[in-house]
Amino acid sequence: MELIQANPPLLRRLAPLDWAAALLLALGAAYAFRSYGGYMDGYEKAFLVLAVPTFSWLAWQWSALRNLMGLIALLSLAGISLYQGDLARAEQVFWLKYFLSSQTAIGWMCALFFMATGAFWLGLLARSDFAERTGSALTWTAVLMGFTGMMVRWYESYLIGTDVGHIPVSNLYEVFVLFSLITALLYLHYERRYGTRRLGAFVLLVISAAVGFLLWYTFSRDAQGIQPLVPALQSYWMKIHVPANFIGYGSFALAAMVGVAWLLQSRGILATRLPAPVVLEDVMYKSIAVGFAFFTIATILGALWAAEAWGTYWQWDPKETWALIVWLNYAAWLHMRLTKGLRGAVLAWWSVSGLVVTSFAFLGVNMFLSGLHSYGSL
Amino acid sequence: MNRSFRHNLYELFSSMRFAISLLTILAIASAIGTVLKQGEAYNAYLNQFGPFWFGIFERLGLYAVYHAGWFLTILAFLVISTSLCILRQAPQMLHEMRTYREHAKESSLRQFAHRAELATALSVEQAGGRIEAHLRQQGYQTRRNARAGALLIAAKAGSWNRLGYILAHSAIVTICIGGLLDGDLPLNLHLWLGNKQIARGTQSLDRLPPASRLPVDHWSYRGNIFVPEGKRADFATVNIGDGFLIQELPFDLILKKFHVDYYSTGAPKRFASDVVLVDKKTGISTARTIEVNKPFTYQGITLYQASFEDGGSVLRLKAHSLSPGSGEVLDLTGAVGDAIRLTRRDAPLTLELTNLRPINVENIGSPRTDTGNLLEKHLGSGAKSDRDLHNVGPSILFKLRDNAGQAREFNSYMLPIEQEGRRFFLAGVRDAQADDFRYMRIPADREGTMTTWFELRTLLTDPAARAQIARRFTAAALKGDAVSETLRSKLSDTTEHTLGLYADGGYEGLDKFIRTTLPAAEQQKAAEVFVKVLQGAAWEALQLSREQRQLAPWPMDGISAAFINDSLNAISDSFHYGAPVFIEMTGFDLVQASVIQATRSPGQYIVYLGCALLIAGVCFMLYVRERRFFALVKEDGSVLLAMSTNRKTLDFEETFVRHRDQLQQLLTLPESDHGTHSG
């Protein structure tokens, strides 16, 4: 009977730890409600309530993610409690200064992503399973440190002033961290789903590029400071619009790197080391499908927000227009694959060039074009 | 149009090739509008492109790409193509959703890429029952088809995938239609019919003809209401190209108070307008606060906090004459937006008060000196910042226009600003809008005012005073020394001459004199002597001014020395200030104006409906997997399994293998065990 039971309903598959995770999430939300409910508006309360089933479901689907969430919570709470409400302690307390304060934790994330990239490439070139497992472990650790940094940064922003406090997804520096983390998590998901670590070398390259930019932005532009929100950004919409967008960007970036792997594979480079072309095509499709769905939702959320902040849901602002261009690009890609049944080189090239379009929408618009949406100007 | 041509057209418009081409063309066309800044003043384009290209670009509609006819045509084609796709596919899709294909022939099942043959000892009925129960448990809908010597179980799951197609594509059409209703199509229709006339220039708004006014019930619009504090407005200005129209509103909007709140860093935190709306028909008043991100909708018109301007603040000013030795001061009062005639003997001037900025937040932090370890600097919290933002107080922007109509623009700060440990009044000037302001730094005296500097300047530019200063300086310099009267008078003359050169052209005048009259070898030394003499004389001038005002003399210390030095620099710069008067602001009564955007967009809810359809459609299309499963159970104990999907992905393979293995196990179980798992 074992085989038949292999696919029972979700609730019956849950282990005690799964229930513990859900319980902790619910308790956390209840605590937040009781302590800070007075400062939240209706939408924020709704987000808080919905976060419990959403993250429980994610934890149930993916036990590694459940453990990650637990560790993030643990480290973030440790960081927060070490602060004791005093920002100056970031310079004085050893654990804060060298591990848990936001800048340091994000610094660790950067270093770990670089190391993971090296490990994945070593694993790919030397066919070393050990190196690849190290790469995965480093990626997980980088994600842990990155999210801890973001959580602590969120808290730090409230220490500057209660009116300054906000979720750290408000400027180019913060969203670059978010982009790296989301892309890494998406990669780890596909790693598990397809049982191969061979794509790590490629996906971690794009993350390393993002981290490289992040470091340049930090060291040469001093962009890491927490800035209070301009009035247009003070909205509950930011909490969902930005993350949804970056699931889209992250997925498209991942698909592009898989496209690169496909193209190398088709030219006989690393061919014996990389997964089969069908697998690559499948990952590429899944990733673009996920990205497209989230990007659609994010753009629509953006339109709803624009209607509230700028007085119209669509006004052909450069950022809006480029979001449309990205959307049209992947809509065309999906049509080619799903309706025309196209596979192979054209789609791989298209997916790679999609990254150029996406990067322009993400960065280029801020650098070269001016508009309403210039929160992260270079 | 003959039938085959129409058919071909239909084929083309509903084809995938056409749809993908349209998506690509639309993407490229959209990109054009982001490269060229849209909706700027036509003058700016003319300057940028020159008259030739300006005309061509205007005709191509490149200044408002998204409202251009050709762009709307592309959109129209997209709508047509998408609609035709729906028309073409929907009936088939709906049929696919409903059908189980339970009449599939065995031969066609054998063509499936995913198929397997199993054997069972169970009867057809029993085997069929178990298969059906299993598939239902796995989320399939099933239908039986009994045929000669066999039973076909046809199952389907994920039919909503097909619905997703219809939803997503109708969403595109819905969104485009909604957007079109909110666009400027109704307005363009008016303009095209000649009913309305775009107003240009600065004619008085009250006297605009009805042809430039849009009625209260105009279908959709987006305009700005400008209203100063304490005033009312009942219309919005709708900008079109390089002109505008007036949109009548069904209410009077009264601005009670406009608020700007700031963070402790000086960055703006909140813009809000306390308004009262008085309905023109009913006379009912509604009081509200409109904030950024918190608009207010009244009778289908949504009001947003768009921006703010000065609403005619009253400024108290002092005009200091900069004529040599004059020291004349004139008190003035004027409102922002006013032009004031300055009656002067030599050249009449007009003072145009452009703007008052009550708050200026500037980064006045000096770069950190303790660079130390670069890495160390980036550890710790994200709250650290090198930026030191401070409010440096109010400033005014004004123009001085001469009789010939030539104007320079000036920007003056009301309060002294600390720089290098000293405090200066910054006064900027520029010749053209595109230039940066050049700043003159007038040192604040010990009382924190400009008075001492002006006194000093007046004395140093007055020939009579200069002679007196030269004598004082000589006396002080030669105090206690037994020198001849000739030497004494020689020093006095030299001092007076130096001051005269300086009063004529500042440091530049002195420099010119040195270069033209002295041999190169002596220039450096002479310059040092001149500067020493100048500083000494200025010190005497300062003390003289104190005496004249019957104030205690300044002590000889570092502060005084720095003040003398800074004053001489500023006086030298003042010869290039470009105006015969210096305007100082001594106080103001702030009157702000709020700019509130009024929007009426009845198509909004159609667009939102389209968005909901789009999200549902995309999710169904990408995440609901359509699967069909067939099991043909024959009396001879053989079972043919076949499975198909419209989207082949790797997990489809796994699903088929799983179903096959599970069914194989089920069909080999003895009769008594059945039922334990089917729940």
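Conventions and cut-offs
- Residues numbered from 1 in each chain as written.
- Chains lettered and ligands numbered in written order.
- Predicted model: local features only at pLDDT ≥ 70, side-chain atom pairs only at ≥ 80, totals over all residues.
- Heavy atoms only, no water.
- Helix = DSSP H or I, 4+ residues; strand = E, 2+ residues; numbered from the N terminus.
- Rg over C-alpha atoms; globule rule 2.2 N^0.38 Å.
- Buried < 20%, exposed > 50% of the residue type's maximum accessible area, 1.4 Å probe, protein only.
- Areas by Shrake-Rupley, 256 points an atom, 1.4 Å probe, with all protein chains shown as cover.
- Pairing = 2+ DSSP bridges.
- Contact = heavy atoms within 4.5 Å.
- Buried area = accessible area lost by both parts, 1.4 Å probe.
- Salt bridge = Lys/Arg side-chain N within 4 Å of Asp/Glu carboxyl O.
- Polar contact = N/O pair within 3.5 Å; in protein donor to acceptor, adjacent residues only side chain to side chain.
- Nonpolar A, V, L, I, M, F, W, Y, C, P; charged D, E, K, R; others polar.
- Axes fitted to C-alpha atoms, helices over the stretch in contact; angles between N-to-C directions.
- Core = buried A, V, L, I, M, F, W, Y, C linked by side-chain atoms within 4.5 Å.
- Expected span 1.5 Å × (residues − 1).
- Patch = residues over 30% accessible without salt bridge, like charges linked within 9 Å, V, L, I, M, F, W, Y side chains within 5 Å.
- Phe/Tyr/Trp six-rings, centres within 6.5 Å; stacked < 30°, edge-to-face > 60°.
- Lys NZ or Arg CZ within 6 Å of the ring centre and 35° of its normal.
- pLDDT = per-residue confidence, 0-100.

Enquirer: Looking at this model, I keep getting lost on the overall build of chain B. Mind explaining?
Expert: Scanning chain B from terminus to terminus reveals 16 helices and 26 strands. In terms of overall dimensions, chain B is more spread out than a globule: its C-alpha atoms have a radius of gyration of 42 Å, far above the 26 Å expected for 679 residues. Out of the 679 residues belonging to chain B, those deemed buried represent 46%. Surface summary for chain B: the accessible area is close to 34100 Å², and the carbon and sulfur share equals 55%.

Enquirer: What exactly am I supposed to notice about the overall build of chain A here?
Expert: Helix and strand counts for chain A come out as 14 helices and zero strands. Start at the N end of chain A and walk to the C end: the helices and strands fall as α-α-α-α-α-α-α-α-α-α-α-α-α-α. Computed over the C-alpha atoms, the radius of gyration of chain A is 21 Å, within 12% of the 21 Å expected from 2.2 N^0.38 for a compact globule of 378 residues. C-alpha atoms of chain A, sized along the principal axes, occupy 55 × 55 × 45 Å.

Enquirer: Looking at this structure, how should I read the pairing of strand β14 (residues 339–342) of chain B?
Expert: Residues and elements named next belong to chain B. Of the two faces of β14, only one is covered, namely that formed by Ile340 and Leu342; the face formed by Ala339 and Arg341 stays uncovered. Direction of pairing for β14 relative to strand β15 (residues 349–357): antiparallel, over a ladder of four bridges. Bridge assignment links Ile340 to a residue of β15, and that residue is Leu351.

Enquirer: Would you take a moment to explain the interface of chain B and chain A for this structure?
Expert: When the parts come together, some accessible area is lost, and that loss is often what is quoted as the size of the interface. Taken together, the 69 residues of chain B in the interface contact 80 residues of chain A. Taken together, both faces of the contact between chain B and chain A bury some 6200 Å²; the carbon and sulfur share is 64%. Taken as a group, B:Tyr263, B:Asn293 and B:His378 account for 11% of the area that chain B buries against chain A, more than any other trio of residues on that side. At the boundary of chain B and chain A, one finds three salt bridges. The salt bridge involving B:Asp651 is made with A:Lys286; its shortest N-O contact spans 3.1 Å. The tally of links between chain B and chain A comes to 24 residue pairs in polar contact (both at pLDDT 80 or more). Tallied by class, the residues present in the side of chain B that touches chain A amount to 32 nonpolar, 21 polar and 16 charged.

Enquirer: Is there a simple way to explain the sheet that holds strand β26 (residues 638–645) of chain B in this structure?
Expert: Strand pairing in a sheet is mediated by backbone hydrogen bonds. Such pairs are either parallel or antiparallel. Residue and element names in this part refer to chain B. Read from one edge to the other, the open sheet built from five strands follows the order β1-β26-β25-β3-β2, with strand pairing classed as antiparallel. Each having just a single partner strand, β1 (114–119) and β2 (141–147) make up the two edges of the open sheet. On average, each strand axis in the sheet is inclined to that of its neighbour by 15°, with strand direction left out of account. Relative to β26, strand β25 (residues 627–634) runs antiparallel, the two sharing seven bridges. Note that in β26 the partner of Leu632 across the bridge is Leu640.

Enquirer: Any chance you could explain the nonpolar core here in plain terms?
Expert: Here is a general trend for soluble globular proteins: nonpolar side chains tend to be buried in one another's company. Counting residues in hydrophobic clusters, the biggest one holds 181 residues, and the most contacted among them are A:Met109, A:Phe113, A:Val143, A:Phe246, B:Ile225 and B:Leu303. At 18 residues, the largest contribution of residues to this core is made by helix α12 (residues 277–309) of chain A. Beyond its immediate chain neighbours, meaning those up to four positions away, A:Phe113 contacts A:Thr139, A:Ala142, A:Val143, A:Ser180, A:Ala184, A:Leu204, A:Ile207, A:Ser208 and A:Val211. In terms of nonpolar packing, the next biggest core, distinct from the first, is built from 57 residues, B:Leu342, B:Leu349, B:Met414 and B:Ala541 among them.

Enquirer: Help me out: how do you make sense of the sheet that holds strand β23 (residues 581–589) of chain B in this one?
Expert: Residue and element names in this part refer to chain B. In space, the three strands of this open sheet follow the order β13-β12-β23, with antiparallel pairing throughout. The open sheet has two edge strands, β13 (329–335) and β23, and neither has a second partner. Averaged over all adjacent pairs, the angle separating strand axes in this sheet is 25°, with direction ignored.

Enquirer: What's the story with helix α11 (residues 237–266) of chain A in this structure? I'm lost.
Expert: Think of an α-helix as turning once every 3.6 residues; residues three or four places apart then point the same way. Residues and elements named next belong to chain A. Its 30 residues give α11 an end-to-end C-alpha distance of 43 Å, which sits within 8% of 44 Å, the value for a rise of 1.5 Å per residue. In terms of burial, α11 is largely enclosed, as 24 of its 30 residues are buried. Following α11 by one or two positions, Gly268 has its phi on the positive side, about 80°.

Enquirer: What should I look at first to understand a nonpolar patch on the surface in this one?
Expert: All names here are of chain B. A cluster of nonpolar side chains, contributed by Phe52, Trp53, Ile56 and Leu60, occupies part of the molecular surface with about 420 Å² of accessible area. You can see Phe52 is positioned in helix α3 (residues 42–59). On the basis of relative accessibility, which here comes to 58%, the residue Phe52 falls in the exposed class.

Enquirer: Would you take a moment to explain the packing of aromatic side chains for this structure?
Expert: Each aromatic ring pair is specified by the distance between its two centres and by the angle formed by the two planes. This model, assessed by the stated rule, comprises 66 aromatic pairs over all chains. Among the aromatic side chains, those forming a connected cluster through ring pairs are A:Phe176, A:Phe179, A:Phe213, A:Trp216, A:Tyr217, A:Phe246, A:Tyr249, A:Phe252, A:Phe295, A:Tyr330 and A:Phe362. Over the aromatic face of B:Phe424 sits the side chain of B:Arg441, whose NZ or CZ is 4.1 Å from the ring centroid. Its guanidinium or amino end placed over the ring of B:Trp554, B:Arg446 lies 4.6 Å from that ring's centre, counting from NZ or CZ.

Enquirer: Hey, could you run me through the side chain of B:Ser545 in this one?
Expert: Residue and element names in this part refer to chain B. Topologically, Ser545 is positioned in helix α13 (residues 520–548). Classification of Ser545 as buried rests on a relative accessible area of 1%. Ignoring anything within four residues of it in the chain, the contact list for Ser545 reads Glu455 and Leu459.

Enquirer: Just checking my understanding: could you explain the confidence of the model for chain B for this structure?
Expert: Residue and element names in this part refer to chain B. For chain B, mean pLDDT is 88; residues scoring 70 or higher make up 95% of the total. In the model, residues 367–371 has pLDDT below 50 throughout and makes three contacts with residues more than four positions away in sequence or in other chains. Throughout residues 674–679 the model reports pLDDT below 50, and contacts reaching past four residues in sequence, or to other chains, amount to ten contacts. Interface confidence for the predicted complex, expressed as ipTM, amounts to 0.92; the pTM equals 0.86.

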